[in-house]
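Working through the structure, step by step
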Amino acid sequence: KIMMLRDKEKEFVKYWSVKRAAKLQFYLGIILQIVLITVTYKLVVNYFSSEIFDLEVFLQYGLFGLILGIVVAYFKFRANEKKYHFLKSK
């Protein structure tokens, strides 16, 4: 088969063939980013609204970030896999 892919598509195939082998690291990276974003968001909101620091609320935001991160990582991995397999079959 002759792959008739654009440069951007070739870069994606090359990039994803490496990333997909490290599925756990891919998931953990996205989960960590989202947990940090949600907790940082709550810290900023707390700072500007002068609320009292409540550990339980931060744990709830952390848990929310964890769940959201798992969902986002799953769908992002799945979408990249579909794109990868589609491009590989061209």
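Look a little higher up for the structure.
First things first, this report covers the structure right here in the doc. (Residues numbered from 1 in each chain as written. Predicted model: local features only at pLDDT ≥ 70, side-chain atom pairs only at ≥ 80, totals over all residues. Heavy atoms only, no water.)

Attention now goes to the environment of Lys82. Tracing the chain through its elements places Lys82 in helix α3 (residues 55–88). Note: C-alpha distance between Lys82 and Leu36 (46 residues apart in sequence) is 28 Å. (Helix = DSSP H or I, 4+ residues; strand = E, 2+ residues; numbered from the N terminus.)

Here the focus is helix α2 (residues 23–49). Over its 27 residues, α2 extends 39 Å from the first C-alpha to the last, a length consistent with the 39 Å expected when each residue adds 1.5 Å. Residues of α2 that are buried include every one of Phe26, Tyr27, Ile30, Ile31, Ile34, Thr38, Lys42 and Asn46, and no others. If you follow the buried residues of α2, they end up packed against α1 (7–19) and α3. Ser50 sits one or two residues past α2 and shows a positive phi near 55°. (Expected span 1.5 Å × (residues − 1). Buried < 20%, exposed > 50% of the residue type's maximum accessible area, 1.4 Å probe, protein only. Contact = heavy atoms within 4.5 Å.)

On to α3. The end-to-end C-alpha distance of α3 is 48 Å, a good match for the 50 Å that 34 residues give at a rise of 1.5 Å each. Within the sequence span of α3, burial applies to Phe58, Gly62, Gly65, Gly69, Ala73, Phe77, Asn80, Glu81, Tyr84 and Leu87. Check the buried side of α3 and you find it contacts α1 and α2.

A few words on the packing of aromatic side chains. Overall, the coordinates contain 11 aromatic pairs when judged by the stated rule. For the pair Tyr47 and Phe48, a centre-to-centre distance of 5.1 Å together with 80° between the ring planes defines the contact as edge-to-face. Per residue, the accessibility class of Tyr47 equals that of Phe48, and both read exposed. Taken together, a centroid distance of 4.7 Å and an interplanar angle of 25° make the contact between Phe53 and Phe58 stacked. Judged by its relative accessible area of 54%, Phe53 is exposed. Phe58 gets classed as buried once you look at its relative accessible area, which sits at 9%. Among the aromatic residues, those joined into a ring-pair cluster are Phe12, Tyr15, Trp16, Phe26, Tyr27 and Phe77. Geometry around Phe12 places Lys83 over its ring, the cationic atom sitting 4.3 Å from the centre. (Phe/Tyr/Trp six-rings, centres within 6.5 Å; stacked < 30°, edge-to-face > 60°. Lys NZ or Arg CZ within 6 Å of the ring centre and 35° of its normal.)

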